[in-house]
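Read off the chains here:
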Amino acid sequence: MKKLIAGNWKMNGLASSLAEIEALKGITGEAACDIVVCPPLTLVEKAAERVGGSRIAIGAQDCHAQPSGAYTGDVSAEMLAEIGARFVILGHSERRSAYRETDAAVAAKAIAVHQAGLTSIICVGETRAERDEGRAIEVVCAQLEASIPNTATSSNTVIAYEPVWAIGTGLVPTLEQIEEMHSSIRQALEKRLGENGLGVRILYGGSVKASNAKAIFGVSNVDGALVGGASLKASEFAGIITAAA
Ligand code: PEP
């Protein structure tokens, strides 16, 4: 399966940061993986214009479940498609915790993303306490089951396994823990989506850097990475892309 390397800029970046996305065009010309950068909403359209014609896709970090209506401050999937987004991150742990996004809300948003012709990157992951209690696989598989809508296929859905305790902390699970979780996610996807479940890409996310990417990409059922901090600088992000290729 072709790996997907996705960058999540979170609430970082002004117009001057677009140079970091543009710089990737030169570095990633021959890379044998798919690449997507998800800048803040304010930069999506400009970023899509800058990477037009290249192998880099642009994504957004959230959307509303409805196509339009009285939802002040929100943005629909259709609007994101119109400004050049091709992917939408959904259910990131920061949104699940800060905005109390439920699995059902994530699934509803994913339907909207699929209906707009975009690909959802659905995030799941356990907290430190849940792992310490030995419930990591149970928690993640339950999140997965309830966050994936029936519209999901291998071409419109990507799963990102992101242990909450590994995001932005410098902590990374052992390769054995990653393998165990990704294999459980694969089984759950197959059970839920049949043949399609075998083709859904499962990304690992949480403190991925150029220095640890190669080892993580060597783990079975790791089909790429969702990268936060290390995606902000083209030089570091390019190191991760190279490790996948
Ligand atoms: C993320 O926010 O999705 C993430 C994985 O962050 P970081 O790579 O900085 O841990």
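Residues numbered from 1 in each chain as written. Predicted model: local features only at pLDDT ≥ 70, side-chain atom pairs only at ≥ 80, totals over all residues. Heavy atoms only, no water.

If you look the protein up in an unreviewed UniProt entry, it shows as Triosephosphate isomerase from Rhizobium tropici.

Engineer: Is there a simple way to think about the pattern of salt bridges in this case?
Structural biologist: Pairs can form between side chains of opposite charge whenever their charged atoms are close. Scanning all chains against the criterion turns up 17 salt bridges. Where Asp132 meets Arg128, a salt bridge forms, and the shortest distance between an N and an O atom there is 3.1 Å. Placement of both Asp132 and Arg128 in helix H6 (residues 128-132) is noted, with a separation of 4 residues, approximately one turn of the helix. Given a relative accessible area of 38%, Arg128 falls into the partly exposed group. Between Asp223 and Arg186 there is a salt bridge, with the nearest N and O atoms lying 2.8 Å from each other. Residue Asp223 is found in the loop between helix H10 (210-217) and strand S8 (224-227), and its partner Arg186 is found in helix H8 (residues 175-193); the two are separated by 37 residues along the sequence. On the basis of relative accessibility, which here comes to 7%, the residue Asp223 falls in the buried class. Residue classification places Arg186 among the buried positions, given a relative accessible area of 9%. (Salt bridge = Lys/Arg side-chain N within 4 Å of Asp/Glu carboxyl O. Helix = DSSP H or I, 4+ residues; strand = E, 2+ residues; numbered from the N terminus. Buried < 20%, exposed > 50% of the residue type's maximum accessible area, 1.4 Å probe, protein only.)

Engineer: Hey, could you run me through the layout of surface pockets in this one?
Structural biologist: Rolled over the atoms, a probe with the dimensions of a water molecule shows which regions are left empty. There is about 600 Å³ of room inside the largest pocket. Around the largest pocket sit 21 residues that line it, and Pro40, Leu41, Gln61, Asp62 and Arg95 are the ones nearest its centre. A total of 3 residues in the lining of the largest pocket trace back to one element, the largest contributor, which is helix H2 (residues 41-51). Tallied by class, residues from the lining of the largest pocket come to 10 nonpolar, 6 polar and 5 charged. (1 Å grid on protein atoms, 1.4 Å probe; cavity = no way out; pocket = protein on both sides within 12 Å on 5 of 7 lines; lining within 4 Å. Points joined across faces, edges and corners; volume = space filled by probe spheres on them. Nonpolar A, V, L, I, M, F, W, Y, C, P; charged D, E, K, R; others polar.)

Engineer: Looking at this structure, how should I read the site of the ligand?
Structural biologist: In the vicinity of the ligand lie 14 residues, with Lys10, Glu162, Gly168, Ser207 and Gly228 positioned nearest. For the ligand, an oxygen atom lies 2.6 Å from a polar atom in the side chain of Lys10. Between Glu162 and the ligand, the recorded distance is 2.7 Å, taken from a side-chain N or O atom to an oxygen atom. Here the ligand has 300 Å² of accessible area as a free molecule, and 95% of this is covered by the chains. The class makeup of the residues in the shell around the ligand is 4 nonpolar, 8 polar and 2 charged. (Near = heavy atom within 4 Å. Polar contact = N/O pair within 3.5 Å; in protein donor to acceptor, adjacent residues only side chain to side chain. Areas by Shrake-Rupley, 256 points an atom, 1.4 Å probe, with all protein chains shown as cover.)

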